[in-house]
Each structure stands twice: as C-alpha cells, then as structure tokens.
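A closer look at the structure
Take a look at the letters that make up each chain.
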Amino acid sequence: MEAQREQNTQLMKQMDCVFLSAESSLEQIWRHFYTLAHLFAKSQDLASSLNCFIDVFLIRGNEMHNPDKDWLDFFRRQFAMYLMGKRRITCSLSEGDMIHDFLKMEYEMLKEELEQSELPFSRENLSQWFASIELDFPWLVGDFEPKWSVG
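Residues numbered from 1 in each chain as written. Predicted model: local features only at pLDDT ≥ 70, side-chain atom pairs only at ≥ 80, totals over all residues. Heavy atoms only, no water.

**Digging into the overall build of the protein chain**
Within the protein chain, the regular secondary structure consists of six helices and two strands. Tracing the protein chain from N to C terminus, the helices and strands come up as α-α-α-α-β-α-α-β. Counting across all 151 residues of the protein chain, residues that qualify as buried make up 29%. For the protein chain, restricting intrachain contacts to residue pairs at least 6 apart in sequence, the fraction spanning at least 24 positions comes to 66%. (Helix = DSSP H or I, 4+ residues; strand = E, 2+ residues; numbered from the N terminus. Buried < 20%, exposed > 50% of the residue type's maximum accessible area, 1.4 Å probe, protein only. Contact = heavy atoms within 4.5 Å.)

This is how it looks when you write it as structure tokens:
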C-alpha cells in the first residue's frame, strides 16, 4: 500500500512544461526543437526531423530573422544535404554549430566571388544555383556504404 501511495505521489508531481510559452527564452526554444528533431528522427519522419535540426542551429546562431533570405535558403539546403549525406539524421550541438559556422564562411566566400565575377549572375533567383553547389562536408564514409538510417 505504501508503494502504491508513493507511485501516485510521483505521478502527481508537477513536471517541467513540455510546451513553450510566449515568455520562453531562446535556449528553451532551441532545446525544445532539438528534442523534437531527435523524436522525429526516431519515428523516421525525415522532413520534420531535418526542419527541426535546421531551426535549432538557426536559432543558436541567432539568425531566425536574418533579413538575408539567400543566406537562409543556402543554410537550409546545405544543412539538410549535410545531414542526409551522413546517412544518419542526428547531430550533436557542437557538430551543428561547427557546420553552421562552416556554411556561413562558405556563403560569405560565394557572395564575394559572385560580386567579383565577370559573368552576369541574376541575383533574383540564387536558390537554384545554391541547390547545385556541392560542398566538401567532413563525412566519414569508408570503402563500404553503410545503411542509411534515421535517428
């Protein structure tokens, strides 16, 4: 009887709220999305997992409301390509921060090269051009191709 009462008491203890409020800090928001990214990956919901991971590292980089839409498009495409190229949709915080910084550096170099280019580039629709770019990500794929998995 004592064990039953203790179990009921534990069930009634107030847990941390899993939903975000309007007063949530940026850290609480990105942590929430990070948890969701892993949950979606475990349930094999590829698109939702990728979107959550992307949002996590945009929030951590303080760039969710960046006015440079080309940068946001470039980051979303390239970060998704990075995660899918790993053959496993997962990403540690330090790894994601490193890839965010790598992509930011690559984007700045691409912008500079576009400005200095003698070829006329239409700046109106760079998204198709960004989609064609293949960056050298630090994937560790050996001679054999491991089975691709989510989570």
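After that view, the rundown keeps rolling.
**Describing the packing of helix H2 (residues 26–42) against helix H3 (residues 46–60)**
The contact between H2 and H3 brings their axes to 8 Å, and the two run at 160°. In terms of axis orientation, H2 runs roughly antiparallel to H3. Every pair of crossing elements has a handedness; the one defined by H2 and H3 is left-handed. Counted together, Leu26, Ile29, Trp30, Phe33, Tyr34, Leu36, Ala37, His38, Phe40 and Ala41 of H2 and Ser48, Ser49, Cys52, Phe53, Asp55, Val56, Phe57, Ile59 and Arg60 of H3 form the full contact between these two elements. For the contact of H2 with H3, the per-class residue count stands at 14 nonpolar, three polar and two charged. (Axes fitted to C-alpha atoms, helices over the stretch in contact; angles between N-to-C directions. Parallel < 35°, antiparallel > 145°, perpendicular 65-115°, else oblique. Left-handed = near helix turned anticlockwise from the far one by under 90°. Nonpolar A, V, L, I, M, F, W, Y, C, P; charged D, E, K, R; others polar.)

**Section: unusual backbone geometry**
With phi around 65°, Gln44 is a residue other than glycine that occupies positive phi space. Along the chain, the position of Gln44 falls in the loop between H2 and H3. Using a relative accessible area of 60% as the deciding quantity, one classes Gln44 as exposed.

**Points about the confidence of the model for the protein chain**
Averaged over the protein chain, the pLDDT score is 80; the fraction of residues at 70 or greater is 75%. The least confident element of the protein chain is strand S2 (residues 149–150), whose mean pLDDT is 54; the most confident is H3, at 95. Note on residues 11–15: pLDDT is under 50 here. Beyond four places in sequence and across chains, it has zero contacts. Overall, residues 140–144 carries pLDDT values under 50, and its contacts beyond four positions in sequence, including any with other chains, amount to one contact. (pLDDT = per-residue confidence, 0-100.)

**Quick word on the nonpolar core**
Phe53, Phe57, Phe74, Phe75, Phe79, Leu83 and Leu103 are the most contacted members of the largest nonpolar core, which totals 31 residues. Among the secondary structure elements, those contributing two or more residues to this core are H2, H3, helix H4 (69–85) and helix H5 (93–116). Beyond its immediate chain neighbours, meaning those up to four positions away, Leu83 contacts Leu50, Phe53, Arg88, Ile89, Thr90 and Cys91. (Core = buried A, V, L, I, M, F, W, Y, C linked by side-chain atoms within 4.5 Å.)

**As for H4**
Given a rise of 1.5 Å per residue, 17 residues ought to cover 24 Å, and the 24 Å separating the end C-alpha atoms of H4 matches this to within 8%. Among the residues of H4, those classed as buried are Trp71, Leu72, Phe74, Phe75, Gln78, Phe79, Ala80, Tyr82, Leu83 and Gly85. On its buried face, H4 is in contact with H3, strand S1 (88–89), H5 and helix H6 (127–132). For H4, the capping residue at the N-terminal end is Asp68, with a side-chain oxygen 3.2 Å from the backbone nitrogen of Asp70. At the exit of H4 stands Arg87, carrying a positive phi of roughly 75°. (Expected span 1.5 Å × (residues − 1). Polar contact = N/O pair within 3.5 Å; in protein donor to acceptor, adjacent residues only side chain to side chain.)

**Side note on the pattern of salt bridges**
All told, the structure shown has seven salt bridges when counted by the stated rule. Between Arg60 and Asp97 there is a salt bridge; the shortest N-O distance is 2.5 Å. Here Arg60, found in helix H3, pairs with Asp97, found in helix H5; they are 37 residues apart in sequence, far enough to count as distant. The partly exposed category is assigned to Arg60, whose relative accessible area is 29%. Of the charged contacts, one joins Asp68 and Lys111 as a salt bridge, the two residues approaching to 3.8 Å between their closest N and O atoms. In this pair, Asp68 is assigned in the loop between H3 and H4 and Lys111 in helix H5, connecting sequence segments 43 residues apart. You can call Asp68 partly exposed: its relative accessible area is 21%. (Salt bridge = Lys/Arg side-chain N within 4 Å of Asp/Glu carboxyl O.)

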